[in-house]
Amino acid sequence: MARGVKLSDLGCISPSSGWFGPDEEGRRIIKIQCGSIQDTANFYMRPIEGLTVTVDIDRKEVVRISDTGREIPDRPPEMEPINPISMEQPKGPSFRVEDGHIVKWANWEFHLKADQRTGMIISQAKVRDSETGELRSVMYKGFASEMFVPYMDPDEAWYFKSYMDAGEFGLGGTALALVPLNDCPRNSYYMDGVFVASDGKPFIQSNMICVFERYTGDVGWRHSETFLPGFNVSSNYSNNSSNKLGLESVTLSRLVMGSVEPPP
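These notes cover the structure that comes with them.

Criteria and cut-off values
Residues numbered from 1 in each chain as written. Predicted model: local features only at pLDDT ≥ 70, side-chain atom pairs only at ≥ 80, totals over all residues. Heavy atoms only, no water. Helix = DSSP H or I, 4+ residues; strand = E, 2+ residues; numbered from the N terminus. Contact = heavy atoms within 4.5 Å. Areas by Shrake-Rupley, 256 points an atom, 1.4 Å probe, with all protein chains shown as cover. Salt bridge = Lys/Arg side-chain N within 4 Å of Asp/Glu carboxyl O. Buried < 20%, exposed > 50% of the residue type's maximum accessible area, 1.4 Å probe, protein only. Pairing = 2+ DSSP bridges. Axes fitted to C-alpha atoms, helices over the stretch in contact; angles between N-to-C directions. Disulfide = S-S within 2.5 Å. Core = buried A, V, L, I, M, F, W, Y, C linked by side-chain atoms within 4.5 Å.

## Description of the overall build of the protein chain
Each helix and strand counted, the protein chain has one helix and 17 strands in total. Here the contacts in the protein chain between residues at least 6 apart in sequence split such that 44% fall between residues at least 24 apart. With an accessible surface of roughly 18,700 Å², the protein chain has 54% of that area assigned to carbon and sulfur atoms.

Okay, structure coming up:
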C-alpha cells in the first residue's frame, strides 16, 4: 500500500534459488518479490523494486523484510521518435525450407527444429565445397546447453539472483508465438514446436521459430592511395548477396597496383 499498489493488483513470485549468505546455510530459504499486474499480465515490467521478503519454508515464517527502493522513479524514458525501417526482397528470400525443417541457403544446408528445453536445435549442418561440389559436414548438432544469468548486482534485491533459464524453465517452454512484422520481417518462414504439458499431453507452440535473411550492408572496406600524386585511387566493392541467416558473409576488395580486383 505504501508503494501505491492495491493488494488486488499484486503479483508475487519466488525467483530462482541462489546463495543467500552464510547465515542461511542449511535452511530452506526463498526470496519473494512482487510486482503490479494492473492492466497487464507482465508484472516483470512493473516490479516493486527494492522490496524483498525472505521466508523459511520449513518453519513457515518470514525471516526478514527488506524495503529499500521507494525513491526509484517510475516514468518512461524521454527520447525523440524513431522512424521505421523496412527491407524489401523483390524476388523473395534466397533460402528455402524443405520438408518443414531442412533449411537451404547459399551453399549451406541444415536441419532446424524447436525444442522444449533448449529452444532451438540446429543439426546436420553442411556446407558445399566450392572445389569438389560435395557437401561437407560442419556440425552434427548444436544448441544452447544452458543460459546462466548471474546478475551479480550487490544490491539487496539483486545479489542472490542466478537464473538457469534452460534447465529450470526451458527456453522453448517459455517462448511465445512470434508475431509477423513485429518480431520477424517479411518473407520469414515460421516453424511450430510440438511440446509436452505437465500432464503428459502434447501441445503445439505455434510460430516459435522464424527464419529470415538480414541485410548487412554493401561496403566491405574502402581504400585510397596517397603515394600517387594527382591520381585518385579508391574503391568500394559490394556484393548484394551479403545477407544473414544465422551466418554472416563479409565481402572484401583487394587493391593491386592501382587496379581493383574482386575477390576470387
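## Observations concerning the pattern of salt bridges
All told, the structure shown has eight salt bridges when counted by the stated rule. Across the pair Lys 104 and Glu 98 runs a salt bridge, and its minimum N-O distance is 3.1 Å. Salt-bridge contacts for Glu 146 lead to Arg 117; the nearest nitrogen and oxygen are separated by 4.0 Å. On the criterion of sequence distance, the pair formed by Glu 146 in the loop between β9 (135-142) and β10 (148-150) and Arg 117 in the loop between β7 (108-115) and β8 (119-128) is long-range, its members being 29 residues apart. Accessibility expressed as a relative area gives 27% for Glu 146, which makes it partly exposed. Taking relative accessible area as the criterion, Arg 117 reaches 39% and is therefore assigned partly exposed. Several salt bridges converge on common partners, so that one network encompasses Arg 96, Glu 98 and Lys 104.

## Notes on the sheet that holds β7
On the basis of which strands lie adjacent, the open sheet formed by five strands has the order β5-β6-β7-β8-β9 and antiparallel pairing. If you trace the sheet from one side to the other, it starts and ends with β5 (96-98) and β9, each paired once. Adjacent strand axes in the sheet meet at a mean angle of 25°, parallel and antiparallel pairs treated alike. Two elements, β8 and β9, share six bridges in a ladder whose sense is antiparallel.

## Quick notes on the environment of Lys 6
Along the chain, the position of Lys 6 falls in the segment before β1 (10-13). Residue classification places Lys 6 among the exposed residues on the basis of a relative accessible area of 57%. Considering only alpha carbons, one finds Lys 6 and Ile 37, 31 residues apart in sequence, at a separation of 9.8 Å.

## So, the state of the cysteines
If you walk through the whole model with that rule in mind, you get two disulfides. The disulfide partner of Cys 12 is Cys 34, and the S-S distance across this bridge is 2.0 Å. Handedness here is read from the sign of the S-S torsion; for Cys 12 and Cys 34, about 100°, the answer is right-handed. Residue Cys 12 is found in strand β1, and its partner Cys 34 is found in strand β2 (residues 29-36); the two are separated by 22 residues along the sequence. A disulfide bridge connects Cys 184 with Cys 210, and the sulfur atoms are separated by 2.1 Å. Disulfide Cys 184-Cys 210: torsion about the S-S bond near -90°, hence left-handed. One end of the pair, Cys 184, is in the loop between α1 (165-169) and β12 (189-196); the other, Cys 210, is in strand β13 (residues 202-211), and 26 residues separate them in sequence. Note on accessibility: Cys 184 and Cys 210 belong to one class, buried. What links to what in the protein chain: the bonded cysteines, counted in sequence order, pair as 1-2, 3-4.

## Points about the nonpolar core
Val 103, Leu 112, Met 191, Met 208, Ile 209 and Val 211 are the most contacted members of the largest nonpolar core, which totals 14 residues. Breaking this core down by element, the ones donating at least two residues are β6 (102-105), β7, β12 and β13. Apart from residues no more than four positions distant in its own chain, Met 191 is found in contact with Val 97, Gly 100, His 101, Val 103, Leu 112, Asn 207, Met 208, Ile 209 and Val 211.

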